[in-house]
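Notes for the structure review
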Amino acid sequence: MSGEGIYEPKISGDTILFAKNLKVYFPVRRSLIDALRGKPQLYVKAVDGVSFDVMKGEVFALAGESGCGKTTTGKTILRLNKPTEGQIGYLPSKEVVEELGDVERISEYGHINVTSIDERHLRPLRKDVQMIWQDPFGSLNPRRTIYEILEEPLAIHGVGVSREDRYDIVAKALESVKLTPPDEYMDRYPHMLSGGQRQRVVIARALILNPKFVVADEPVSMLDVSIRAEILQLMMELKNKLGLTYLFITHDLAVARYISNRLAVMYLGQIVELGDARRVIENPLHPYTRALVEAIPEPEPSRRLTIREVPIKGEVPSPINVPSGCRFHPRCVALDEKPELKEYCMRKEPPMVEVEPGHFVKCWLYAKR
Ligand SMILES: Nc1ncnc2c1ncn2[C@@H]1O[C@H](COP(=O)(O)OP(=O)(O)OP(=O)(O)O)[C@@H](O)[C@H]1O
Ligand code: SF4
Ligand SMILES: [Mg+2]
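Keep in mind the model is a prediction, meaning the values are calculated, not measured.

Next up on the list: the sheet that holds strand S8 (residues 245-250). Here eight strands make up an open sheet; going across it, the order is S6-S7-S8-S3-S9-S10-S12-S11 and the pairing mixed. The open sheet has two free edges, formed respectively by strand S6 (129-132) and strand S11 (352-356), since each of these has just one partner strand. In this sheet, adjacent strand axes meet at a mean angle of 20° when their direction is disregarded. The pairing of strand S3 (residues 59-63) with S8 spans five bridges and is classified as parallel. Each residue of the ladder has a partner; that of Ala61, found in S8, is Phe248. Together, S3, S6, strand S7 (213-217) and S8 form the strand contacts of helix H9 (residues 225-242), whose direction differs from that of S8 by roughly 160°. Helix H12 (residues 287-294) rests against strand S9 (262-267) and strand S10 (270-276) of the sheet, and its axis sits at about 105° to S9.

Pasting the structure below:
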């Protein structure tokens, strides 16, 4: 197989979001002495040239080992991180277009560039784009009641003119995540709920402003295995009912297979494989994805391995000193079979090529040398 088409995000009226060569570097703290001695500034290259597109209504999964840059990518979409380089195009909904006013458009379809909009445009953006966090306990203020937690975004965004209006909106939000009757939950504090109930509140809060695009960062990984399926099912029901699009971050390929249409596998700040989720998992092409997939045992949930426990040789290198060429080369078992590739893989970064329709891989096994 030899792929020729190089990956470019698809930009159309159906593309709700795209990333183009996105880079997010964090400066490593230097001591004053090091700075005075002229030691160069080092950077954690958390996201290092990521491109993808998400179609309206789909679930697009980002998977990969701990530290590969999934959360950083997700947070940058909400501009909770300022990117170093690249673009994030977002197609705003009719509801927020007016509030965004004359923001520069970067496509003929009306995408705005999230990476460069003014601070004042973040408010309307956050009505449309919300995040569901991983840790339901850490992301809910323990000193506030569930009512106060859910009312806060309404107050910030001026939704609901009277207190009665807001009460109704909060009650509906609780009903939508099946915390019923809502009155029973409003006066409780987060610690008075179970883990699953807390995550329902987190979901209700993310959806209360009627967003269109939701970044869900490992929304079930902290929950008991027994309630994960319930929460995933609820998320899918809400997606279909409310016409949402999800960017779903997970380290669990079994979850990605269950929930997503398309899947991007990240390694050390880059996407190394992208395509139809089932296809990528059933026919993984990149040596890294192959290793991840091999680590999923037959469906026996209690024994299911997650990516965090994957047995790939060696350690993930530091994102401060990324290996040259293909950054997976120090761990790549494909090189044991094809040692003649090694020199090449060590020196040159592979392009992301299309190996079968819509299935892209960043590896010299598939690209023209
Ligand atoms: N604010 C920050 N300052 C410095 N380094 C950061 C910051 N945020 C993330 N990093 C680093 O960037 C890299 C990517 O982190 P990120 O949280 O995006 O990974 P992740 O894929 O979400 O991992 P996990 O599966 O553990 O959640 C890591 O090396 C992390 O230590
Ligand atoms: S480019 Fe080379 S080192 Fe990288 S994954 Fe492919 S074969 Fe392995
Ligand atoms: Mg993370």
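Past the structure itself, the notes keep going.
With antiparallel pairing, the four strands of this open sheet are ordered in space as S2-S1-S4-S5. This sheet does not close on itself; its edge strands, each paired only once, are strand S2 (43-55) and strand S5 (112-113). Both strand S1 (residues 15-27) and S2 contribute to a ladder of ten bridges, which runs antiparallel. Paired with Ala19 across the two strands is Phe52, which belongs to S2.

Moving on to the site of ligand 2. The local shell around ligand 2 consists of His286, Pro287, Cys326, Phe328, His329, Cys332, Leu335, Cys345, Pro350, Cys363, Trp364 and Leu365. Partitioned by chemical class, the residues of the shell around ligand 2 number ten nonpolar, two polar and no charged.

In this section: the side chain of Thr73. Inspection of the secondary structure assignment puts Thr73 in helix H2 (residues 70-77). With a relative accessible area of 1%, Thr73 lands in the buried category. For Thr73, the side chain forms a polar contact with the main-chain oxygen of Gly69, separated by 2.7 Å. The contact partners of Thr73, leaving out residues within four places of it in the chain, are Val47, Phe52, Leu62 and Met266.

This paragraph deals with the UniProt feature "domain: ABC transporter" (unreviewed entry) in the chain. Taking the numbering used here, the UniProt-annotated feature "domain: ABC transporter" (unreviewed entry) corresponds to residues 30-293. End C-alpha to end C-alpha, residues 30-293 measures 39 Å, and it is 41% helix and 20% strand.

Another aspect to go through is unusual backbone geometry. Glycine aside, a negative phi is what most residues show, and trans is what most peptide bonds show. With an omega of -10°, the peptide bond running from Thr180 to Pro181 counts as cis. One can find Pro181 in the loop between helix H6 (163-176) and helix H7 (183-186). Unusually for a residue other than glycine, Arg79 sits at a positive phi of about 60°.

Another aspect to go through is the packing of aromatic side chains. Aromatic rings considered in pairs are described by the distance between their centres and by the relative angle of their planes. Following the criterion strictly, the structure yields nine aromatic pairs and no others. Aromatic side chains Tyr90 and Phe213 sit 6.4 Å apart centroid to centroid with 70° between the ring planes, which places their arrangement in the edge-to-face category. Within this pair, whereas Tyr90 is found in strand S4 (residues 85-90), its partner Phe213 is found in strand S7, the two being separated by 123 residues in sequence. In this structure, Tyr90 and Phe213 share a single accessibility class: buried.

We now examine the confidence of the model for the chain. Chain-level statistics for the chain give a pLDDT mean of 91 and a share of 95% at 70 or above. Low confidence marks residues 301-305, where pLDDT is under 50. Its contacts with residues over four positions away, or in another chain, come to eight contacts.

Our next topic: the pairing of S10. Across the seven residues that make up S10, a large majority, six, are buried. In this structure, S9 lies alongside S10, joined through six bridges in antiparallel fashion. Residue pairing across strands places Ala264 opposite Leu274, the latter belonging to S10. Where S9 hands over to S10, the hairpin turn is made up of two residues, of which Leu268 adopts a positive phi near 45°.

Before going further, it helps to examine the site of ligand 1. Residues in contact with ligand 1 amount to 14 residues; listed here are only the nearest, Ser66, Gly67, Lys70, Thr71 and Thr72. Gly69 has a polar backbone atom sitting 3.1 Å from an oxygen atom of ligand 1. A distance of 2.8 Å separates an oxygen atom of ligand 1 from a polar side-chain atom of Thr71. When ligand 1 sits alone it has 640 Å² of accessible area, and the protein chains cover 65% of it. Elements that contribute at least two residues to the shell around ligand 1 include exactly S2 and H2.

Conventions used here
- Residues numbered from 1 in each chain as written.
- Chains lettered and ligands numbered in written order.
- Predicted model: local features only at pLDDT ≥ 70, side-chain atom pairs only at ≥ 80, totals over all residues.
- Heavy atoms only, no water.
- Pairing = 2+ DSSP bridges.
- Helix = DSSP H or I, 4+ residues; strand = E, 2+ residues; numbered from the N terminus.
- Axes fitted to C-alpha atoms, helices over the stretch in contact; angles between N-to-C directions.
- Contact = heavy atoms within 4.5 Å.
- Near = heavy atom within 4 Å.
- Nonpolar A, V, L, I, M, F, W, Y, C, P; charged D, E, K, R; others polar.
- Buried < 20%, exposed > 50% of the residue type's maximum accessible area, 1.4 Å probe, protein only.
- Polar contact = N/O pair within 3.5 Å; in protein donor to acceptor, adjacent residues only side chain to side chain.
- UniProt positions renumbered as here; feature names shortened; annotations may be inferred.
- Phe/Tyr/Trp six-rings, centres within 6.5 Å; stacked < 30°, edge-to-face > 60°.
- pLDDT = per-residue confidence, 0-100.
- Areas by Shrake-Rupley, 256 points an atom, 1.4 Å probe, with all protein chains shown as cover.

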